[in-house]
Structure formats: C-alpha cells, structure tokens
Amino acid sequence: VLFRSQIRGKRSPAVFELPADLRSDIRSVLDSAPPDASGWLRRPDALPALMLLNARLPAEEAILALVHCLKMPQCMKGYLALSSSRLIYAFKPETGDPQLTAIPLGAVSQFVFDAGMAVVEFGPERREIDVGFPGGGQYSLQVCERVRAATQKPDPYSI
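Procedures and definitions
- Residues numbered from 1 in each chain as written.
- Predicted model: local features only at pLDDT ≥ 70, side-chain atom pairs only at ≥ 80, totals over all residues.
- Heavy atoms only, no water.
- Helix = DSSP H or I, 4+ residues; strand = E, 2+ residues; numbered from the N terminus.
- Rg over C-alpha atoms; globule rule 2.2 N^0.38 Å.
- Buried < 20%, exposed > 50% of the residue type's maximum accessible area, 1.4 Å probe, protein only.
- Contact = heavy atoms within 4.5 Å.
- Lys, Arg positive; Asp, Glu negative; His and termini not counted.
- Charge placed at Lys NZ, Arg CZ, Asp CG, Glu CD.
- Phe/Tyr/Trp six-rings, centres within 6.5 Å; stacked < 30°, edge-to-face > 60°.
- Disulfide = S-S within 2.5 Å.
- pLDDT = per-residue confidence, 0-100.
- Salt bridge = Lys/Arg side-chain N within 4 Å of Asp/Glu carboxyl O.
- Pairing = 2+ DSSP bridges.
- Axes fitted to C-alpha atoms, helices over the stretch in contact; angles between N-to-C directions.

1. Some remarks on the overall build of the protein chain
Each helix and strand counted, the protein chain has four helices and eleven strands in total. Against the globule reference of 15 Å for 159 residues, the protein chain gives a C-alpha radius of gyration of 16 Å, in line with a compact fold. For the protein chain, the spread of C-alpha atoms along the principal axes amounts to about 55 × 30 × 30 Å. Looking at the protein chain residue by residue over its 159 residues, the buried ones come to 42%. Long-range pairs, those at least 24 residues apart, make up 48% of the contacts in the protein chain with a sequence separation of at least 6. Taken together, the 18 basic and 17 acidic charged side chains of the protein chain have centroids lying 5 Å from each other.

See the structure below:
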C-alpha cells in the first residue's frame, strides 16, 4: 500500500508499508532509520530489490545496515546492504528481474565513499560496482563507515 505524507508543507515521495513477510533484521534496520533516510529506504521503485534480498538471504546471515542507492551508470534502483558476512547489492533494473550481487567481506579490496557515492572493488578480476546515494546525507555516510570498518583489512606491515 502506498501513501504520501506531509512534511513541512511539502509532499514527500510515496513510500511502501513494510510487508508482513519481511525478515525481522531487515524490518529492524528500516524501522530504526532516521525520518529523512526512511523515505528513501521505502521508495516503491526499489521494493522488488528489497524483496529479493529478503527471499534470498540465508536465515543465519543478518542484515546489519542498509541504504537506498542507485547503481551507476544504469541508474538501477535498490540497496547496498551490509550483512554479518557479506556486502550485498540488490537492484531492480528498469526492465527485467531484480538482481543480487553478494560479495564476501574478505573479497573486498577497496571501498571508497563520500556522502553522494561509493565504489567497491572486489575479486581477483578486480570488478567494481559504483553506486550513488540520492538521499545522501549523514545516514548514507554512517552506513558507508560501517561497510568500510567491516571490509578494512589489517595492515600487513604494522607491528
């Protein structure tokens, strides 16, 4: 069910209600998001990506952080999620089925971000995924800080 709310006299974007069959960890992350980020996290155009993440994530793997993003340069709408063991991208292309890419945290060689974008480099073939954060702001920075901390490898030269 979609609805619109009034915030400071401006119309906010349509958002979806949380589905009844949504995993409790994902529900908790969505419920705890600040109001400015919540509108982006619940955008209807990204719901298919969220439901794919909900359906495909193993029960023993928990979502710790989640942020709405756009995959560049295709502008596919979806999510960057940090789980207990992987960095997960869930996207819905303009046409076709939602897509899920799950990267083990140890396979991430570099994660670079700012308030408006992030780039992850991973795998032996050095693949990259670029995403933009249309809502930007403090919430996306906090999620990216958590991702960086989870993917940061110890300096092999430090003693």
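2. Here we look at the packing of aromatic side chains
One pass over the structure, following the stated rule, counts two aromatic pairs. Between Tyr-89 and Phe-91 the ring centres are 6.0 Å apart and the planes differ by 15°, which places this aromatic pair in the stacked class. For the pair Tyr-89 and Phe-91, one class covers both residues: buried. Ring centres 5.7 Å apart and planes at 35° place the aromatic pair Phe-111 and Phe-113 in the tilted group.

3. A look at the state of the cysteines
Summed over all chains, the structure comprises zero disulfides. The thiol of Cys-69 is not disulfide-bonded; the next cysteine sulfur, from Cys-144, is found 8.8 Å away.

4. Describing the confidence of the model for the protein chain
Taken over all residues, the pLDDT of the protein chain has a mean of 88, while the share at 70 or more is 92%. Across residues 1-9, where pLDDT falls below 50, the model places 19 contacts with residues more than four positions away in sequence or in other chains.

5. What to know about the pattern of salt bridges
With the rule as written, the count across this model stands at seven salt bridges. A salt bridge links Arg-43 to Asp-45; the nearest nitrogen and oxygen atoms lie 3.8 Å apart. Here Arg-126 and Glu-121 are joined by a salt bridge, their closest N and O atoms 2.8 Å apart. Judged by its relative accessible area of 9%, Glu-121 is buried.

6. Quick word on the sheet that holds strand S6 (residues 76-83)
The strand order across the open sheet formed by seven strands is S8-S7-S6-S5-S11-S10-S9, and the pairing between neighbours is antiparallel. For this open sheet the edge positions go to strand S8 (99-104) and strand S9 (108-113), each flanked by a neighbour on one side alone. Going from strand to strand, the sheet's axes swing by 30° on average, the running direction of each strand aside. In terms of strand pairing, strand S7 (residues 86-92) meets S8 through six bridges, oriented antiparallel. Bridging from a neighbouring strand, Tyr-89 pairs with Thr-101 of S8.

7. Overview of the environment of Leu-57
Along the polypeptide, Leu-57 turns up in the loop between helix H3 (47-56) and strand S5 (63-72). Measuring from C-alpha to C-alpha, the distance between Leu-57 and Ser-83 comes to 9.3 Å, with 26 residues separating the pair along the chain. Every residue in contact with Leu-57, bar those within four places of it in the chain, is listed here: Arg-23, Asp-25, Ile-63, Arg-86 and Ile-88.

8. Some points on H3
Those residues of H3 that fall on the buried side of the exposure criterion are Ala-49, Leu-50, Leu-52, Leu-53 and Asn-54. Of the surrounding secondary structure, the elements contacted by the buried residues of H3 are strand S4 (15-16), helix H1 (24-32), S5, S6, S7 and S8.

9. Comments concerning the side chain of Ser-140
With respect to the helices and strands, the residue Ser-140 is situated in helix H4 (residues 137-151). Exposure remark for Ser-140: the relative accessible area of 1% places this residue in the buried category. Those residues in contact with Ser-140, other than ones at most four positions away along the chain, are Val-67, Ala-115 and Phe-133.

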